[in-house]
Amino acid sequence: MPDQIDLFNLSEVKDTAPPADFNPDLIPTDVKVPIPPGTYPTLDQIPDHCNRCHRCDLGATRTHAVVGRGNPKADIMIVGEGPGQNEDETGIPFIGKAGQLLEKILESVKLSSQDDVYISNVVKCRPPNNRTPTTDEMEACKPYLMEQIRLVDPKIILLTGATAVKGITGDKRGITKIRGEWLEWDNRLCMPIFHPAYLLRNQSREKGGPKWLMWQDIQAVRAKLDEIRGSGA
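Residues numbered from 1 in each chain as written. Predicted model: local features only at pLDDT ≥ 70, side-chain atom pairs only at ≥ 80, totals over all residues. Heavy atoms only, no water.

(A) Quick peek at the overall build of the protein chain. Broken down by element type, the protein chain carries 8 helices and 6 strands. Reading the protein chain from its N terminus to its C terminus gives the helix and strand order α-β-β-α-α-β-α-β-α-α-β-β-α-α. A globule of 233 residues ought to have a C-alpha radius of gyration of about 17 Å, and the protein chain, at 17 Å, matches this closely. Taken over the C-alpha atoms alone, the protein chain extends approximately 55 × 45 × 30 Å along its principal axes. For the protein chain, long-range pairs separated by at least 24 residues make up 71% of all intrachain contacts whose partners lie at least 6 apart in sequence. Entry remark: accessible area of the protein chain is about 11200 Å², with carbon and sulfur atoms responsible for 49%. (Helix = DSSP H or I, 4+ residues; strand = E, 2+ residues; numbered from the N terminus. Rg over C-alpha atoms; globule rule 2.2 N^0.38 Å. Contact = heavy atoms within 4.5 Å. Areas by Shrake-Rupley, 256 points an atom, 1.4 Å probe, with all protein chains shown as cover.)

As structure tokens, this is what we get:
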């Protein structure tokens, strides 16, 4: 059997369907069951599996799986780390204070979380005490995220924080080292940005500070999106 991670490489196979004998009902039961590209015909099927999922230990402590929100055909996809308490209670990503700040950031460049953006997380269940997800937890949940990316097919992916960067690209550099840089992953443009929760802990708006840097980054994202839309790509 090939290494499971190969099944998640969207650059190798984008428009395949699972084998005829593949049983998707087994997906939530065991991390060893792969999720080949093409498993889910639409985003609507993923929450059912995530809310029944025990591919890692986070399923034992969740209230709700937090799968995604926004435009299912958005040009921009935002990937966070994992749900917090508010998200776990509601099943909706980025609705706490960090989510409210994210909305303001998007609005500052005339982007809407309903029309222009689809929001998800590396892990769909809240880690206890909001700790950082483990590598095993991220790998167990990654194929759900890969299917979301395949289905949304965004032109730009914003990776909020080092965990999101590592979870998708494997890059282990700190967020302060790579934020604002355009990265290419799976033939897609990705930009690491500060997580809004980090900005809440760092309120300074001085030049060179986190909030000032975020303003530069989100303007660059807006400009790149306009460039892509203008070129018809």
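(B) The pattern of salt bridges, seen in detail. Throughout the structure, instances matching the rule amount to 13 salt bridges. Where R131 meets E137, a salt bridge forms, and the shortest distance between an N and an O atom there is 2.7 Å. One connected set of salt bridges, linked through shared partners, spans D75, D116, K155 and R229. (Salt bridge = Lys/Arg side-chain N within 4 Å of Asp/Glu carboxyl O.)

(C) View of the packing of aromatic side chains. Inspection of every chain in the model, using the stated rule, returns 1 aromatic pair. The lysine or arginine in question, R55, covers the ring of Y144, its NZ or CZ lying 5.9 Å from the ring centre. It is K224 that lies over the ring of W182; its NZ or CZ is 5.9 Å from the centre. (Phe/Tyr/Trp six-rings, centres within 6.5 Å; stacked < 30°, edge-to-face > 60°. Lys NZ or Arg CZ within 6 Å of the ring centre and 35° of its normal.)

(D) Region of the structure containing the pairing of strand β3 (residues 117–121). Burial of β3 is extensive: 5 of the 5 residues sit out of reach of the surface. Pairing analysis gives 2 bridges linking strand β1 (residues 69–70) to β3, with the strands arranged antiparallel. Bridge pairing links R69 to I119 in β3. Two strands pair when backbone bridges link them, and strand β2 (residues 76–80) and β3 are joined in this way by 5 bridges, in the parallel orientation. Residue pairing across strands places I76 opposite V117, the latter belonging to β3. (Buried < 20%, exposed > 50% of the residue type's maximum accessible area, 1.4 Å probe, protein only. Pairing = 2+ DSSP bridges.)

(E) Structural view of the environment of P154. Its location among the elements puts P154 in the loop between α4 (135–152) and β4 (156–160). Taking relative accessible area as the criterion, P154 reaches 3% and is therefore assigned buried. Along the backbone, P154 and A74 are 80 residues apart, and their C-alpha atoms lie at a distance of 6.0 Å. Among residues more than four places away in sequence, those in contact with P154 are A74, D75, I76, M77, I149 and R188.

(F) Fine view of unusual backbone geometry. The phi angle at K110 is positive, at roughly 60°, despite the residue not being glycine. With respect to the secondary-structure elements, K110 resides in the loop between α3 (97–107) and β3. K110 sits in the exposed class, given a relative accessible area of 72%. The phi torsion at N129 lies on the positive side, around 60°, for a residue other than glycine. Among the structural elements, N129 can be located in the loop between β3 and α4.

(G) Just the pairing of β4, in detail. β4 sits mainly inside the fold: 5 of its 5 residues count as buried. Alternating positions in β4 separate into two faces, I156, L158 and T160 on one and I157 and L159 on the other, with burial throughout. The pairing of β2 with β4 spans 4 bridges and is classified as parallel. Opposite I76, over in β4, you have I156 as the bridge partner.

(H) Region of the structure containing the nonpolar core. By size, the foremost hydrophobic cluster in this structure holds 60 residues, and its most contacted members are I76, V79, Y144 and L158. Broken down by element, the residue count for this core peaks at 8 residues, all from α4. Discounting chain neighbours no more than four positions away, the residues touching L158 are I76, M77, I78, V79, M191, I193, I218 and V221. (Core = buried A, V, L, I, M, F, W, Y, C linked by side-chain atoms within 4.5 Å.)

(I) Region of interest: the sheet that holds β4. With mixed pairing, 6 strands are arranged side by side in an open sheet as β1-β3-β2-β4-β6-β5. What marks the edges here is a single partner per strand, and that holds for β1 and β5 (183–185). Taken together, the 5 bridges between β4 and strand β6 (residues 188–193) define a ladder with parallel strand orientation. Bridge pairing in β6 places L159 opposite P192. Together, β2, β4 and β6 form the strand contacts of helix α8 (residues 210–231), whose direction differs from that of β6 by roughly 165°. (Axes fitted to C-alpha atoms, helices over the stretch in contact; angles between N-to-C directions.)

Bear in mind that shape data such as this cannot, by itself, settle questions of function.
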